[in-house]
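Next come the chains, spelled out residue by residue.
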Amino acid sequence: MVQKIVIDTDPGIDDAMAILFACLHPELELVGLTTVFGNVTGDVAARNALVLVDIADQDIDVARGSDVPLVQDAKPYAWEFHGREGFGDLPPREPQGTISNLTAAEFLCETVNRNPGEVVFCAVGPLTNLADALALDPSIAEAVKSVVVMGGSLDAGGNVTPAAEANIWQDPHAANRVFSAPWDVTLVGLDVTHQVICSPADFAGLARAAPTIGGFLDGAAQYYFEAERNRNGMDGCYLHDPTAVIAVIRPSWFRHRRAAVAVVETGKRVGATVWADSAVRHPVSVCVGVEADNVRRCFLETIRSGF
Ligand code: BDR
Ligand code: CA
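About the criteria used
Residues numbered from 1 in each chain as written. Chains lettered and ligands numbered in written order. Predicted model: local features only at pLDDT ≥ 70, side-chain atom pairs only at ≥ 80, totals over all residues. Heavy atoms only, no water. Helix = DSSP H or I, 4+ residues; strand = E, 2+ residues; numbered from the N terminus. Expected span 1.5 Å × (residues − 1). Bend = angle between axes of the 7 residues up to and from the residue. Buried < 20%, exposed > 50% of the residue type's maximum accessible area, 1.4 Å probe, protein only. Core = buried A, V, L, I, M, F, W, Y, C linked by side-chain atoms within 4.5 Å. Contact = heavy atoms within 4.5 Å. Near = heavy atom within 4 Å. Polar contact = N/O pair within 3.5 Å; in protein donor to acceptor, adjacent residues only side chain to side chain. Areas by Shrake-Rupley, 256 points an atom, 1.4 Å probe, with all protein chains shown as cover. 1 Å grid on protein atoms, 1.4 Å probe; cavity = no way out; pocket = protein on both sides within 12 Å on 5 of 7 lines; lining within 4 Å. Sits in = over half its atoms within 2 Å of the grid points. Nonpolar A, V, L, I, M, F, W, Y, C, P; charged D, E, K, R; others polar. Points joined across faces, edges and corners; volume = space filled by probe spheres on them. Pairing = 2+ DSSP bridges. Axes fitted to C-alpha atoms, helices over the stretch in contact; angles between N-to-C directions.

In this model helix H11 (residues 213-232) runs 27 Å from its N-terminal to its C-terminal C-alpha over 20 residues, within 8% of the 28 Å that 1.5 Å per residue would give. When the local axis directions of H11 are compared, the greatest deviation, roughly 30°, occurs at Ala-221. Inspection of H11 places Ile-213, Gly-214, Phe-216, Leu-217, Asp-218, Ala-220, Ala-221, Tyr-224, Phe-225, Ala-227 and Glu-228 among the buried residues, and these make up the whole buried set. Note on H11: the residue one or two positions beyond its end, Gly-233, has a positive phi of about 65°.

This next bit is on the nonpolar core. In terms of nonpolar packing, the biggest core is built from 64 residues, with Ile-7, Met-17, Phe-203, Leu-217 and Phe-299 touching the most fellow members. With ten residues, helix H1 (residues 13-24) is the largest single contributor of residues to this core. Those residues in contact with Leu-217 that lie beyond four places of it in its chain are Ala-16, Met-17, Leu-20, Phe-203, Phe-299 and Ile-303. By size, the runner-up hydrophobic cluster in this structure holds 35 residues, among which are Leu-108, Leu-154, Ala-181 and Trp-183.

So, about helix H13 (residues 292-304). The terminal C-alpha atoms of H13, which comprises 13 residues, lie 18 Å apart, in line with the 18 Å expected from a rise of 1.5 Å per residue. Regarding H13, the residues found buried are Ala-292, Val-295, Cys-298, Phe-299, Leu-300, Thr-302 and Ile-303.

A few words on the site of ligand 1. Ligand 1 sits among Asp-14, Asp-15, Asn-39, His-82, Val-124, Met-150, Asn-159, Glu-165, Ala-166, Asn-167, His-240 and Asp-241. Within the contact set of ligand 1, an oxygen atom lies 2.6 Å away from a side-chain nitrogen or oxygen of Asp-14. Taking Val-124, its main chain carries an N or O atom lying 3.0 Å from an oxygen atom of ligand 1. Considered on its own, ligand 1 offers 280 Å² of accessible surface; in the complex 94% of this is hidden by protein. More than half of the atoms belonging to ligand 1 lie within 2 Å of the grid points that define the largest pocket. Of all the secondary-structure elements, those providing two or more residues to the shell around ligand 1 are H1, helix H7 (166-170) and helix H12 (240-249). The residue makeup of the shell around ligand 1, split by class, is three nonpolar, five polar and four charged.

With that settled, consider the layout of surface pockets. In this structure, the largest pocket encloses a volume near 520 Å³. Taken together, 28 residues line the largest pocket, and the ones lying closest to its centre are Ala-78, Phe-81, Asn-159, Val-160 and Ala-166. Residue composition of the lining of the largest pocket, grouped by class: eleven nonpolar, nine polar and eight charged. Within this model, the second largest pocket holds a volume of roughly 270 Å³. The wall of the second largest pocket is formed by 14 residues, among which Ser-146, Ala-247, Val-248, Ile-249 and Pro-251 lie closest to the centre. Elements represented by at least two residues in the lining of the second largest pocket include exactly strand S5 (146-150) and H12. By residue number, the principal contributor to the lining of the second largest pocket is H12, which donates three residues. Broken down by class, the residue content of the lining of the second largest pocket amounts to seven nonpolar, four polar and three charged.

Further remarks concern the sheet that holds strand S6 (residues 185-188). Strand order in the open sheet formed by nine strands is S3-S2-S1-S4-S5-S6-S11-S9-S10, with mixed pairing between adjacent strands. Each edge of the open sheet carries a strand with a single partner, namely strand S3 (62-64) and strand S10 (273-276). Adjacent strand axes in the sheet meet at a mean angle of 35° when their direction is disregarded. Here strand S9 (residues 254-263) runs beside strand S11 (residues 284-290); their pairing, made up of six bridges, is antiparallel. Bridging from a neighbouring strand, Arg-258 pairs with Ser-285 of S11. Taken strand by strand, helix H8 (residues 172-180) contacts S6, S9, S10 and S11, and its axis lies near 120° from that of S9.

Turning our attention to unusual backbone geometry. Residue Gly-12 follows Pro-11 across a cis peptide bond; omega there is -10°. Inspection of the secondary structure assignment puts Gly-12 in the loop between strand S1 (3-9) and H1. In this structure, Asp-57 is a non-glycine residue whose phi angle is positive, near 60°. Topologically, Asp-57 is positioned in the loop between helix H2 (42-56) and S3.

As a further point, take the pairing of S9. In this structure, S9 lies alongside S10, joined through four bridges in antiparallel fashion. Among the inter-strand pairings, Val-261 is bridged to a residue of S10, identified as Trp-275.

With that out of the way, let us pick up the environment of Ile-99. Relative to the helices and strands, Ile-99 resides in the loop between helix H3 (79-82) and helix H4 (104-114). Given the relative accessible area of 30%, Ile-99 is considered partly exposed. When residues no more than four places from it in sequence are discounted, the contact partners of Ile-99 are Ala-46, Leu-50, Val-62 and Arg-64.

Treat this as a map of the structure, not an account of what it does.
Take a look at the structure:
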(Lines give C-alpha, C1' and ligand atoms only; values in the text may rest on other atoms or scores of the structure.)
(Ligands and ions follow the chains in the order given, each with its own letter.)
Protein backbone atom coordinates (compact mmCIF):
# COMPACT_ATOMS: atom_id res chain seq x y z
CA MET A 1 0.00 0.00 0.00
CA VAL A 2 1.20 3.49 -0.81
CA GLN A 3 0.26 6.17 1.72
CA LYS A 4 -0.45 9.72 0.57
CA ILE A 5 1.20 12.25 2.86
CA VAL A 6 1.54 16.04 3.14
CA ILE A 7 4.47 17.21 5.25
CA ASP A 8 4.05 20.53 7.05
CA THR A 9 7.58 21.71 7.68
CA ASP A 10 10.09 24.42 8.67
CA PRO A 11 13.21 23.16 6.84
CA GLY A 12 15.60 22.79 8.80
CA ILE A 13 18.18 20.00 8.72
CA ASP A 14 16.15 17.15 10.22
CA ASP A 15 13.17 18.38 8.16
CA ALA A 16 15.34 17.86 5.07
CA MET A 17 16.09 14.33 6.26
CA ALA A 18 12.36 13.65 6.73
CA ILE A 19 11.34 15.11 3.37
CA LEU A 20 14.03 13.32 1.34
CA PHE A 21 13.17 10.09 3.18
CA ALA A 22 9.51 10.53 2.16
CA CYS A 23 10.54 11.24 -1.45
CA LEU A 24 12.50 7.97 -1.59
CA HIS A 25 10.37 5.51 0.40
CA PRO A 26 8.28 3.29 -1.90
CA GLU A 27 5.35 3.14 0.54
CA LEU A 28 4.91 6.93 0.64
CA GLU A 29 3.51 9.32 -1.93
CA LEU A 30 4.49 12.86 -0.96
CA VAL A 31 1.61 14.89 -2.40
CA GLY A 32 2.76 18.26 -1.08
CA LEU A 33 4.83 20.31 1.31
CA THR A 34 3.38 23.16 3.33
CA THR A 35 5.84 25.49 5.00
CA VAL A 36 5.86 27.40 8.24
CA PHE A 37 8.24 29.65 10.23
CA GLY A 38 10.10 27.87 13.03
CA ASN A 39 13.68 26.77 12.58
CA VAL A 40 14.01 29.66 10.10
CA THR A 41 11.88 32.54 8.79
CA GLY A 42 8.78 31.84 6.69
CA ASP A 43 10.60 33.00 3.54
CA VAL A 44 13.60 30.76 4.11
CA ALA A 45 11.36 27.78 4.98
CA ALA A 46 9.44 28.15 1.69
CA ARG A 47 12.61 28.55 -0.36
CA ASN A 48 14.23 25.55 1.32
CA ALA A 49 11.22 23.33 0.64
CA LEU A 50 11.52 24.19 -3.06
CA VAL A 51 15.25 23.43 -2.94
CA LEU A 52 14.54 19.98 -1.44
CA VAL A 53 12.08 19.25 -4.25
CA ASP A 54 14.87 20.12 -6.72
CA ILE A 55 17.34 17.85 -4.92
CA ALA A 56 14.85 14.96 -4.96
CA ASP A 57 14.17 15.71 -8.64
CA GLN A 58 10.43 15.30 -8.11
CA ASP A 59 7.38 17.34 -8.99
CA ILE A 60 5.86 18.17 -5.60
CA ASP A 61 3.63 21.16 -4.77
CA VAL A 62 4.94 23.57 -2.15
CA ALA A 63 2.46 25.91 -0.43
CA ARG A 64 3.69 28.71 1.82
CA GLY A 65 2.15 29.17 5.22
CA SER A 66 2.47 31.23 8.31
CA ASP A 67 5.28 33.62 9.31
CA VAL A 68 4.22 34.08 12.93
CA PRO A 69 2.42 32.21 15.72
CA LEU A 70 -1.37 32.50 16.16
CA VAL A 71 -1.39 34.48 19.41
CA GLN A 72 1.94 34.85 21.20
CA ASP A 73 4.85 37.05 20.09
CA ALA A 74 7.30 35.21 17.86
CA LYS A 75 10.08 33.28 19.61
CA PRO A 76 13.65 33.20 18.27
CA TYR A 77 14.34 30.93 15.28
CA ALA A 78 16.44 27.77 15.85
CA TRP A 79 19.49 29.18 14.03
CA GLU A 80 21.77 27.62 16.64
CA PHE A 81 20.85 24.14 15.34
CA HIS A 82 20.02 24.76 11.68
CA GLY A 83 21.90 27.92 10.67
CA ARG A 84 20.33 31.13 9.36
CA GLU A 85 19.74 29.63 5.94
CA GLY A 86 18.36 26.38 7.39
CA PHE A 87 20.81 23.84 6.02
CA GLY A 88 23.73 24.51 8.33
CA ASP A 89 26.76 25.98 6.63
CA LEU A 90 25.66 25.01 3.13
CA PRO A 91 25.32 28.15 1.01
CA PRO A 92 21.75 29.10 0.08
CA ARG A 93 20.54 27.97 -3.35
CA GLU A 94 18.01 29.49 -5.69
CA PRO A 95 15.21 26.99 -6.33
CA GLN A 96 13.90 26.26 -9.82
CA GLY A 97 10.24 25.81 -8.91
CA THR A 98 7.66 28.27 -7.69
CA ILE A 99 5.32 28.40 -4.73
CA SER A 100 1.67 27.31 -5.12
CA ASN A 101 -1.00 29.99 -5.52
CA LEU A 102 -2.75 28.45 -2.52
CA THR A 103 -1.81 29.25 1.05
CA ALA A 104 -0.66 26.32 3.17
CA ALA A 105 -4.05 26.20 4.95
CA GLU A 106 -5.93 26.25 1.62
CA PHE A 107 -3.64 23.55 0.21
CA LEU A 108 -4.18 21.29 3.25
CA CYS A 109 -7.97 21.68 3.02
CA GLU A 110 -8.12 21.21 -0.73
CA THR A 111 -5.87 18.15 -0.69
CA VAL A 112 -7.86 16.23 1.94
CA ASN A 113 -11.21 17.24 0.48
CA ARG A 114 -10.10 15.93 -2.94
CA ASN A 115 -8.93 12.63 -1.35
CA PRO A 116 -11.24 12.02 1.63
CA GLY A 117 -9.94 9.44 4.11
CA GLU A 118 -6.68 8.98 2.17
CA VAL A 119 -4.22 11.67 3.25
CA VAL A 120 -2.04 11.81 6.35
CA PHE A 121 -0.76 15.21 7.53
CA CYS A 122 2.68 14.86 9.04
CA ALA A 123 3.55 18.09 10.85
CA VAL A 124 7.22 18.56 11.76
CA GLY A 125 7.23 22.27 12.60
CA PRO A 126 5.07 24.64 14.67
CA LEU A 127 1.38 23.76 14.23
CA THR A 128 0.17 27.16 12.99
CA ASN A 129 -0.76 25.99 9.47
CA LEU A 130 -2.77 23.04 10.77
CA ALA A 131 -4.67 25.32 13.17
CA ASP A 132 -5.31 27.76 10.29
CA ALA A 133 -6.58 24.90 8.11
CA LEU A 134 -8.97 23.76 10.87
CA ALA A 135 -10.27 27.33 11.19
CA LEU A 136 -10.76 27.57 7.42
CA ASP A 137 -12.65 24.27 7.13
CA PRO A 138 -13.38 22.38 10.37
CA SER A 139 -14.73 19.43 8.33
CA ILE A 140 -11.16 18.46 7.39
CA ALA A 141 -11.04 16.78 10.82
CA GLU A 142 -13.25 14.06 9.31
CA ALA A 143 -11.72 14.10 5.83
CA VAL A 144 -8.09 13.60 6.84
CA LYS A 145 -6.96 10.03 7.51
CA SER A 146 -4.77 10.98 10.46
CA VAL A 147 -2.37 13.61 11.76
CA VAL A 148 1.13 12.67 12.93
CA VAL A 149 2.98 15.42 14.79
CA MET A 150 6.67 15.64 15.66
CA GLY A 151 6.36 17.61 18.83
CA GLY A 152 5.98 17.66 22.56
CA SER A 153 7.48 15.76 25.44
CA LEU A 154 5.42 14.12 28.12
CA ASP A 155 8.10 12.55 30.29
CA ALA A 156 11.40 13.47 28.63
CA GLY A 157 11.79 17.15 29.56
CA GLY A 158 12.20 19.91 27.00
CA ASN A 159 14.84 20.74 24.42
CA VAL A 160 14.33 24.49 24.10
CA THR A 161 13.44 25.18 27.73
CA PRO A 162 13.49 22.67 30.60
CA ALA A 163 9.76 22.17 30.04
CA ALA A 164 9.11 22.59 26.31
CA GLU A 165 9.90 20.97 22.97
CA ALA A 166 10.70 23.48 20.20
CA ASN A 167 7.78 22.94 17.77
CA ILE A 168 5.15 23.26 20.50
CA TRP A 169 6.94 26.21 22.21
CA GLN A 170 6.92 28.13 18.92
CA ASP A 171 3.10 28.12 18.81
CA PRO A 172 1.42 26.62 21.89
CA HIS A 173 -2.02 28.03 21.03
CA ALA A 174 -1.98 26.33 17.64
CA ALA A 175 -0.87 23.06 19.27
CA ASN A 176 -3.78 23.22 21.72
CA ARG A 177 -6.24 23.62 18.84
CA VAL A 178 -4.70 20.74 16.92
CA PHE A 179 -4.58 18.42 19.95
CA SER A 180 -8.20 19.09 20.92
CA ALA A 181 -9.77 18.78 17.45
CA PRO A 182 -11.80 15.66 16.67
CA TRP A 183 -9.26 14.01 14.39
CA ASP A 184 -6.89 11.11 14.88
CA VAL A 185 -3.62 12.62 16.22
CA THR A 186 -0.39 10.79 17.03
CA LEU A 187 2.37 12.63 18.91
CA VAL A 188 5.94 11.65 18.15
CA GLY A 189 7.76 13.67 20.79
CA LEU A 190 11.08 13.72 22.57
CA ASP A 191 9.98 10.67 24.61
CA VAL A 192 10.83 8.65 21.49
CA THR A 193 12.93 10.88 19.19
CA HIS A 194 15.64 11.19 21.84
CA GLN A 195 16.21 7.45 21.40
CA VAL A 196 16.75 7.63 17.63
CA ILE A 197 20.29 8.83 16.97
CA CYS A 198 22.60 8.70 13.95
CA SER A 199 26.34 9.27 14.03
CA PRO A 200 28.64 11.30 11.76
CA ALA A 201 29.86 7.94 10.36
CA ASP A 202 26.27 7.01 9.42
CA PHE A 203 25.97 10.23 7.40
CA ALA A 204 29.39 9.79 5.79
CA GLY A 205 28.10 6.38 4.63
CA LEU A 206 24.99 8.02 3.15
CA ALA A 207 27.19 10.46 1.21
CA ARG A 208 29.18 7.57 -0.27
CA ALA A 209 26.12 5.47 -1.18
CA ALA A 210 23.91 8.27 -2.53
CA PRO A 211 26.15 11.24 -3.45
CA THR A 212 23.40 13.72 -4.35
CA ILE A 213 20.85 13.13 -1.59
CA GLY A 214 23.10 11.53 1.02
CA GLY A 215 25.86 14.01 0.19
CA PHE A 216 23.53 16.95 0.70
CA LEU A 217 22.29 15.60 4.06
CA ASP A 218 25.83 14.83 5.21
CA GLY A 219 26.91 18.38 4.31
CA ALA A 220 24.00 19.98 6.17
CA ALA A 221 24.29 17.63 9.16
CA GLN A 222 27.85 18.77 10.02
CA TYR A 223 26.41 21.94 11.56
CA TYR A 224 23.80 19.92 13.46
CA PHE A 225 26.51 17.62 14.86
CA GLU A 226 28.52 20.63 15.99
CA ALA A 227 25.47 22.14 17.73
CA GLU A 228 24.69 18.86 19.53
CA ARG A 229 28.37 18.51 20.55
CA ASN A 230 28.32 22.01 22.05
CA ARG A 231 24.89 21.72 23.65
CA ASN A 232 24.74 18.08 24.83
CA GLY A 233 28.27 16.74 24.38
CA MET A 234 26.95 14.05 22.05
CA ASP A 235 28.59 12.71 18.90
CA GLY A 236 25.55 12.39 16.66
CA CYS A 237 22.12 13.87 16.06
CA TYR A 238 18.53 13.03 16.84
CA LEU A 239 16.31 11.98 13.94
CA HIS A 240 13.33 14.00 15.21
CA ASP A 241 11.42 14.68 11.99
CA PRO A 242 12.28 11.44 10.12
CA THR A 243 10.96 9.48 13.12
CA ALA A 244 7.55 11.11 12.70
CA VAL A 245 7.44 10.20 9.00
CA ILE A 246 8.46 6.63 9.80
CA ALA A 247 5.65 6.47 12.40
CA VAL A 248 3.21 7.01 9.52
CA ILE A 249 4.23 3.78 7.78
CA ARG A 250 5.48 1.69 10.73
CA PRO A 251 3.13 2.40 13.70
CA SER A 252 3.86 -1.06 15.12
CA TRP A 253 7.44 0.06 15.93
CA PHE A 254 5.98 2.46 18.50
CA ARG A 255 4.28 1.89 21.87
CA HIS A 256 1.34 4.25 22.25
CA ARG A 257 -0.53 5.64 25.21
CA ARG A 258 -3.99 6.97 24.41
CA ALA A 259 -4.85 10.01 26.54
CA ALA A 260 -5.70 13.68 26.25
CA VAL A 261 -2.81 16.15 26.07
CA ALA A 262 -2.94 19.92 26.69
CA VAL A 263 -0.34 22.63 26.15
CA VAL A 264 0.69 25.33 28.62
CA GLU A 265 0.06 28.62 26.76
CA THR A 266 1.78 31.21 28.98
CA GLY A 267 4.22 31.60 31.85
CA LYS A 268 7.49 29.89 32.70
CA ARG A 269 6.33 26.50 31.44
CA VAL A 270 4.97 27.84 28.13
CA GLY A 271 4.99 25.14 25.44
CA ALA A 272 5.00 22.21 27.89
CA THR A 273 2.75 19.30 26.89
CA VAL A 274 0.87 17.85 29.85
CA TRP A 275 -1.51 14.93 30.36
CA ALA A 276 -5.11 16.14 30.49
CA ASP A 277 -8.53 14.71 31.28
CA SER A 278 -9.80 12.50 28.42
CA ALA A 279 -13.34 12.94 29.72
CA VAL A 280 -13.30 16.61 28.69
CA ARG A 281 -10.79 16.65 25.82
CA HIS A 282 -10.38 14.51 22.72
CA PRO A 283 -7.66 11.88 23.36
CA VAL A 284 -4.54 11.54 21.19
CA SER A 285 -2.03 8.70 20.79
CA VAL A 286 1.27 9.59 22.42
CA CYS A 287 4.30 7.55 21.41
CA VAL A 288 5.96 6.50 24.66
CA GLY A 289 8.25 3.75 23.36
CA VAL A 290 10.08 3.04 20.10
CA GLU A 291 12.07 0.29 18.40
CA ALA A 292 14.85 2.80 17.81
CA ASP A 293 17.18 0.46 15.89
CA ASN A 294 14.46 -0.32 13.37
CA VAL A 295 13.68 3.37 12.84
CA ARG A 296 17.35 4.26 12.42
CA ARG A 297 17.96 1.39 10.01
CA CYS A 298 14.86 2.22 7.97
CA PHE A 299 16.03 5.83 7.60
CA LEU A 300 19.57 4.90 6.59
CA GLU A 301 18.53 2.13 4.15
CA THR A 302 15.98 4.38 2.47
CA ILE A 303 18.39 7.28 1.96
CA ARG A 304 21.07 4.84 0.77
CA SER A 305 18.65 3.62 -1.90
CA GLY A 306 18.66 7.15 -3.40
CA PHE A 307 21.06 8.73 -5.85
C1 BDR B 1 11.95 19.84 16.36
O2 BDR B 1 12.34 21.21 16.41
C3 BDR B 1 13.00 21.59 15.23
O4 BDR B 1 14.14 22.32 15.53
C5 BDR B 1 13.33 20.31 14.50
O6 BDR B 1 13.29 20.49 13.11
C7 BDR B 1 12.25 19.36 14.95
O8 BDR B 1 11.09 19.50 14.16
C9 BDR B 1 12.68 19.07 17.44
O10 BDR B 1 12.34 19.57 18.69
CA1 CA C 1 11.18 20.62 11.97
